[in-house]
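Next come the chains, spelled out residue by residue.
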Amino acid sequence: MRLILPNPVALSLPFAPKYPETTNLIIAHIKEAVQIWRLHLLVCLRYYHLPMPPHDLPPPPTWIIPNFVLRVEDLSHPGASIFFDCVKPKEALKLAVEASYTWLYTPLTAPTHVKTITLVLRPFDGVAYTWGTHEMKDINFSLDWIKSSEARARDEILGVLVHEVVHCYQYNGNDTCPGGLIEGVADFVRLHAGLAPPHWRRRAEEKWDAGYDATAYFLDWIEERCGEGTIRKLNGSMKDSIYRVELFEKVTGESVSSLYALYCEHVKETG
């Protein structure tokens, strides 16, 4: 299979001589969109082990990948065997970092503060959680959960890692962002990485920030309605300021309540 990707350098518009400033702005946006599209494609190719595109293309940007540390607290647990049978830890974590960068940042805005991500595999109730300092992050992943997900272990392992790695990098309005939105953004990235579990469905909850996949699909609908990069802008708007619900209107031009009402109608109409 040969993939032909567009060359963002070879761009011309028929009205360029008449409106040079507008033309330059349009071309800049097109170049950025093509570059982001390339990144999405390369992540998918790597995940599905498909051939890379031709080598005459400009190389993708070099993301800053942190150091990875792995700690397994019970090697005799069947979840540990399943984990190592299904994924290569370093590659899985690298894929998760690249997915986080791709859907929440651009090469110019990607954060570089995370120096080390430690993945801890141990038995406990639940799925996973992430904590740590600004530079050092710990992801605790339940071996019990991995064992219970044996039927689709690889996709579940990669999906959970993407979700948790997003928590290492996403902005949260200096700890003022609602938990439902934080979890929704993490599952939004998981959804766009092609790692949504089979039981996920679009649904209209009572609140837009119910969290996880419910909010992820709402954010996905916003992305479709307002254009690719909208959730990237929403995330970026929470970098240096506290969270305010008005951020949605600033980014999309519509209030979050209006957007969610339209989304609920869409879900009812489409099923």
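Scoring rules and cut-offs
- Residues numbered from 1 in each chain as written.
- Predicted model: local features only at pLDDT ≥ 70, side-chain atom pairs only at ≥ 80, totals over all residues.
- Heavy atoms only, no water.
- Helix = DSSP H or I, 4+ residues; strand = E, 2+ residues; numbered from the N terminus.
- Buried < 20%, exposed > 50% of the residue type's maximum accessible area, 1.4 Å probe, protein only.
- Lys, Arg positive; Asp, Glu negative; His and termini not counted.
- Salt bridge = Lys/Arg side-chain N within 4 Å of Asp/Glu carboxyl O.
- Polar contact = N/O pair within 3.5 Å; in protein donor to acceptor, adjacent residues only side chain to side chain.
- Contact = heavy atoms within 4.5 Å.
- Phe/Tyr/Trp six-rings, centres within 6.5 Å; stacked < 30°, edge-to-face > 60°.
- Axes fitted to C-alpha atoms, helices over the stretch in contact; angles between N-to-C directions.
- Parallel < 35°, antiparallel > 145°, perpendicular 65-115°, else oblique.
- Left-handed = near helix turned anticlockwise from the far one by under 90°.
- Nonpolar A, V, L, I, M, F, W, Y, C, P; charged D, E, K, R; others polar.
- Pairing = 2+ DSSP bridges.
- Expected span 1.5 Å × (residues − 1).
- Core = buried A, V, L, I, M, F, W, Y, C linked by side-chain atoms within 4.5 Å.

S.K.: Could you give me a rundown of the side chain of Asp 187, with the residues and numbers involved?
M.R.: Its place among the elements puts Asp 187 in helix H6 (residues 179–192). No salt bridge is formed by the buried Asp 187. Its closest oppositely charged neighbour is Arg 190, at 4.7 Å. Only 2.7 Å separates the side chain of Asp 187 from the side chain of His 163, close enough to count as a polar contact. Setting aside chain neighbours within four positions, we find Asp 187 in contact with His 163, Trp 200, Tyr 212, Asp 213 and Ala 216.

S.K.: Describe the packing of aromatic side chains, with residues and values.
M.R.: All told, the structure shown has 14 aromatic pairs when counted by the stated rule. Ring centres of Trp 208 and Phe 218 lie 6.2 Å apart, and the angle between their planes is 55 degrees; this geometry places the pair in the tilted category. Linking Trp 208 in the loop between H6 and helix H7 (212–226) with Phe 218 in helix H7, this pair joins segments that are 10 residues apart in sequence. Take Trp 208: its relative accessible area is 13%, and that puts it in the buried class. For the ring pair Phe 218 and Tyr 260, a centre distance of 5.0 Å and an interplane angle of 85 degrees mean the geometry is edge-to-face. Of this pair, Phe 218 sits in helix H7 while Tyr 260 sits in helix H10 (residues 256–270), and the two are 42 residues apart along the sequence. Through a chain of ring-to-ring contacts, the aromatic side chains of Trp 208, Phe 218, Trp 221, Phe 248, Tyr 260 and Tyr 263 assemble into a single cluster.

S.K.: Let's hear about the packing of helix H5 (residues 153–169) against H6: which residues, and what values?
M.R.: Put simply, H5 and H6 touch, their axes get as near as 8 Å, and they point 135 degrees apart. The angle between the axes of H5 and H6 places the two elements in the oblique class. Where H5 crosses over H6, the two elements pack in a sense that is right-handed. Residues Asp 155, Glu 156, Gly 159, Val 160, Val 162, His 163, Val 166 and His 167 of H5 lie in contact with H6, whose contacting residues are Ile 182, Glu 183, Val 185, Ala 186, Asp 187, Val 189 and Arg 190. In terms of residue class, the contact of H5 with H6 is built from seven nonpolar, three polar and five charged.

S.K.: Tell me about the pairing of strand S3 (residues 128–132), and please be specific about residues and values.
M.R.: Alignment of S3 against strand S4 (residues 136–142), held across five bridges, turns out to be antiparallel. Its bridge partner being in S4, Thr 130 is matched across the sheet by Ile 139. From the end of S3 to the start of S4, which pair antiparallel, there are three residues.

S.K.: Please set out the environment of Met 136 residue by residue, giving values where relevant.
M.R.: The topology assignment puts Met 136 in strand S4. Between the alpha carbons of Met 136 and Thr 116 there is a distance of 5.0 Å; along the sequence they are 20 residues apart. Other than its neighbours up to four places away in sequence, Met 136 contacts Thr 116 and Trp 131.

S.K.: Explain the sheet that holds strand S2 (residues 116–122) residue by residue, including any values.
M.R.: Taken in spatial order, the four strands make up an open sheet running S1-S2-S4-S3, and their pairing is mixed. Of all strands in the sheet, those with a lone pairing partner are strand S1 (67–72) and S3, marking the two edges. Direction aside, the axes of adjacent strands within the sheet are offset by 20 degrees on average. Pairing of S2 with S4, which is carried by seven bridges, proceeds in the parallel orientation.

S.K.: Give me H7: which residues, what numbers.
M.R.: The end-to-end C-alpha distance of H7 is 21 Å, a good match for the 21 Å that 15 residues give at a rise of 1.5 Å each. Across the 15 residues that make up H7, a large majority, 11, are buried. Turning to H7, its buried residues are Asp 213, Ala 214, Thr 215, Ala 216, Tyr 217, Phe 218, Leu 219, Asp 220, Trp 221, Ile 222 and Glu 223. On its buried side, H7 packs onto helix H3 (89–104), H6, helix H8 (230–236), helix H9 (247–252) and H10. Looking one or two residues past H7, Gly 227 carries a phi angle of roughly 110 degrees, positive in sign.

S.K.: So what's going on with the nonpolar core? Residues and values would help.
M.R.: Counting residues in hydrophobic clusters, the biggest one holds 66 residues, and the most contacted among them are Tyr 169, Leu 181, Phe 218, Leu 219 and Phe 248. Broken down by element, the residue count for this core peaks at 10 residues, all from H5. Non-local contacts of Leu 181, meaning those with residues more than four positions away in its chain, are made with Trp 208, Asp 209, Leu 219, Met 238, Tyr 243 and Phe 248.

S.K.: Account for the pattern of salt bridges, naming residues and giving values.
M.R.: Taken as a whole and assessed by the stated rule, the structure comprises 10 salt bridges. Arg 152 is paired through a salt bridge with Glu 156; the nearest N and O atoms lie 2.6 Å apart. A network of salt bridges, in which partner residues are shared, links Arg 152, Glu 156 and Arg 190.

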